[in-house]
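Structural description and commentary
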Amino acid sequence: MMKQPNILLTGELYEGYDEEYQCPILDEDRVVDELEDKMTDGGVIVDYHGCDFFPERWFHIVFVLRTDNSILYDRLERRRPVRRRQYLFSGCEYLISAHKARGYKGKKLQGNLDCEIFQTIYEEAMESYKKEIVHQLPSNDPDDLEQNLDQIIQWIQQWMVDNN
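Conventions and cut-offs
Residues numbered from 1 in each chain as written. Predicted model: local features only at pLDDT ≥ 70, side-chain atom pairs only at ≥ 80, totals over all residues. Heavy atoms only, no water. Helix = DSSP H or I, 4+ residues; strand = E, 2+ residues; numbered from the N terminus. Buried < 20%, exposed > 50% of the residue type's maximum accessible area, 1.4 Å probe, protein only. Contact = heavy atoms within 4.5 Å. Areas by Shrake-Rupley, 256 points an atom, 1.4 Å probe, with all protein chains shown as cover. Core = buried A, V, L, I, M, F, W, Y, C linked by side-chain atoms within 4.5 Å. Salt bridge = Lys/Arg side-chain N within 4 Å of Asp/Glu carboxyl O.

**Section: the overall build of the protein chain**
- A tally of helices and strands in the protein chain yields six helices and six strands.
- Start at the N end of the protein chain and walk to the C end: the helices and strands fall as α-β-β-α-β-α-β-β-α-α-β-α.
- In the protein chain, buried positions account for 31% of the 164 residues.
- Residue pairs at least 24 apart in sequence account for 61% of intrachain contacts in the protein chain once pairs closer than 6 positions are excluded.
- Element-wise, carbon and sulfur atoms account for 48% of the exposed surface of the protein chain, whose accessible area totals about 11,000 Å².

In structure tokens form, the structure reads like this:
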């Protein structure tokens, strides 16, 4: 398992730019087409802030990271250096950015906060996948990151025992 570059940007899988939210507009069909072969092969972790357009057949488990709003506001609004940690799993390196500060403003900042307040991503996941595979994990501080990673690795290891 290796963290890949952001395919949205490297593969130019967007259909334009949203000036109001200051971000590329994702072409969901092109993203699914780009990932289809990789997902069919298995062993892939998809890290994205939405999920309703990804086919259910791709996933055995879905983790939705949740953050306290006061922490999320600070994380999204401020620009701070990214703290990186390196992990090894199945002999492969996996580099994770811990709680990256974003420098969001205006509508983009408020939209992200609203999504967390109204549990938009969690509800999206519950509607898109079998309820028993959707799990929420706290993502407030580096300790949560460590615990989440441990929990996900344990789940992967158990799934491999059960399915091989």
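After that view, the rundown keeps rolling.
**Considering the nonpolar core**
- Of all hydrophobic cores here, the largest spans 19 residues; its most connected members are Phe-54, Val-62, Tyr-129 and Val-134.
- Those elements that provide at least two residues to this core are helix 2 (28-41), strand 3 (62-66) and helix 5 (120-128).
- Among the elements that make up this core, the one with the highest residue count is helix 2 (four residues).
- In contact with Val-134, other than residues within four places in its own chain, are Val-62, Val-64, Tyr-122, Ala-125, Met-126 and Tyr-129.

**Focus: the side chain of Glu-116**
- For Glu-116, the position within the fold is in helix 4 (residues 106-117).
- For Glu-116, a relative accessible area of 13% puts it in the buried group.
- The contact partners of Glu-116, leaving out residues within four places of it in the chain, are Leu-65, Arg-66, Thr-67, Asn-69 and Leu-72.

**Observations regarding the pattern of salt bridges**
- A complete count under the given rule lists five salt bridges for this structure.
- When the shortest N-O distance is used, the salt bridge between Glu-34 and Lys-38 registers 3.9 Å. Within this pair, Glu-34 and its partner Lys-38 are both found in helix 2, separated by four residues, close to a single helical turn.
- Look at Glu-34 and you get partly exposed, because its relative accessible area is 37%.
- On the accessibility criterion, Lys-38 (41% relative accessible area) is partly exposed.

**Details of the side chain of Asn-148**
- Relative to the helices and strands, Asn-148 resides in helix 6 (residues 142-163).
- For Asn-148, the contacting residues outside a window of four places in its chain are Leu-65, Leu-137, Pro-138 and Ser-139.

**Remarks on unusual backbone geometry**
- Even without being glycine, Gln-22 reaches a positive phi, approximately 55°.
- Under the relative-accessibility criterion, Gln-22 is labelled exposed at 54%.

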